[in-house]
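Here's the letter readout for the chains.
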Amino acid sequence: MLKTCESVFYDEENDVIYVSNIGNVPPDAKDNDGFMSKISTTGKILELVWVSEIHAPKGMGKIGNKLYVTDIDELVEIDISSGKITQRYPIEGAKFLNDITIAKDETIYISDNRSNKIYSFKNGEATLWLEKEDFGGPNGLLSQGNKIMIAAFTSGSFLNVNTDNQEIQELANGIIGGDGIAA
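Because the structure is predicted, anything quoted here is derived from the model rather than measured.

## Concerning the overall build of the chain
Then step 1. Of regular secondary structure, the chain possesses zero helices and 16 strands.
Then step 2. On C-alpha atoms alone, the chain measures out to a radius of gyration of 15 Å, which is about the 16 Å that the 2.2 N^0.38 rule sets for 183 residues.
Then step 3. Counting only C-alpha atoms, the chain reaches 40 × 35 × 35 Å along its principal axes.
Then step 4. When the 183 residues of the chain are sorted by exposure, 51% land in the buried category.
Then step 5. In the form shown here, the chain has an accessible surface area of approximately 8900 Å², with 46% of it arising from carbon and sulfur atoms.

Set out below in structure tokens:
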């Protein structure tokens, strides 16, 4: 049975949905009981435990045959064909990595809603991209051209950040508990 599902990601190329299962709560426990599942587009569980040896997986994104998943303080790279973890990228200073969005240039942006930071990841390296003390818990992310849209969990703000100059624009507020964003 699926257990504390956090995110889903539709893989159009393989016509399958990946589900991140946190497992037991709390969602920041390094207890190695999280797992990834594969389900069909009709809701049939294809592989309940497709990938294991993960703590509390959350946001996902895909580049080529690799699925990238946040796991508390690291980015996990999964080979889709084999269902095996091929790499783990610890992110220094991360407290609670949550969502992922991938820009057209294949830069991965990762929210850390407990430290009010957004990291960028490219060519095997994570760097702090944006930090704002009053960010309000950046959670959901969506890349749209040269903008990253952000749903801030605690402040209720819905933001747009220009990737060229990091200029932040508030588009809406009052969305307390804002989570994932989809186009």
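So, next bit.
## Some points on the sheet that holds strand β10 (residues 108-112)
Then step 1. On the basis of which strands lie adjacent, the open sheet formed by four strands has the order β9-β10-β11-β12 and antiparallel pairing. Here the strands that pair on one side only, and so sit at the sheet edges, are β9 (97-102) and β12 (125-131). Along the sheet, successive strands turn relative to each other by an average axial angle of 25 degrees, direction set aside.
Then step 2. Here β9 pairs with β10 via four bridges, running antiparallel. When the bridges of β10 are listed, Thr101 appears paired with Tyr109.

## Focus on the pairing of strand β1 (residues 5-11)
Then step 1. Pairing geometry for β1 and strand β2 (residues 16-21), over six bridges, is antiparallel. In the sheet register, Asp11 faces β2, and the bridge partner there is Val16.
Then step 2. Joining the antiparallel neighbours β1 and β2 is a turn of four residues, in which Asp15 adopts a positive phi near 50 degrees.

## Observations regarding the pattern of salt bridges
Then step 1. What the rule picks out here adds up to eight salt bridges.
Then step 2. A salt bridge links Glu47 to Lys38, with the shortest nitrogen-to-oxygen separation between them at 3.6 Å.

## Structural notes on the side chain of Ser120
Then step 1. Within the secondary structure layout, Ser120 lies in strand β11 (residues 117-122).
Then step 2. Residue contacts for Ser120: discarding those within four places in its chain leaves Thr107, Ile108, Tyr109, Glu125, Ala126, Thr127 and Trp129.

## Here we look at the sheet that holds strand β7 (residues 74-79)
Then step 1. Spatial strand order, β5-β6-β7-β8: four strands in an open sheet with antiparallel pairing. Only two strands of the sheet have a single neighbouring strand rather than two, namely β5 (57-63) and β8 (84-90). If you compare each strand with its neighbour and ignore which way they point, the axes differ by 25 degrees on average.
Then step 2. Two strands pair when backbone bridges link them, and strand β6 (residues 66-71) and β7 are joined in this way by six bridges, in the antiparallel orientation. Across the sheet, residue Lys66 finds its bridge partner in β7, namely Asp79.

What counts and how
- Residues numbered from 1 in each chain as written.
- Predicted model: local features only at pLDDT ≥ 70, side-chain atom pairs only at ≥ 80, totals over all residues.
- Heavy atoms only, no water.
- Helix = DSSP H or I, 4+ residues; strand = E, 2+ residues; numbered from the N terminus.
- Rg over C-alpha atoms; globule rule 2.2 N^0.38 Å.
- Buried < 20%, exposed > 50% of the residue type's maximum accessible area, 1.4 Å probe, protein only.
- Areas by Shrake-Rupley, 256 points an atom, 1.4 Å probe, with all protein chains shown as cover.
- Pairing = 2+ DSSP bridges.
- Axes fitted to C-alpha atoms, helices over the stretch in contact; angles between N-to-C directions.
- Salt bridge = Lys/Arg side-chain N within 4 Å of Asp/Glu carboxyl O.
- Contact = heavy atoms within 4.5 Å.

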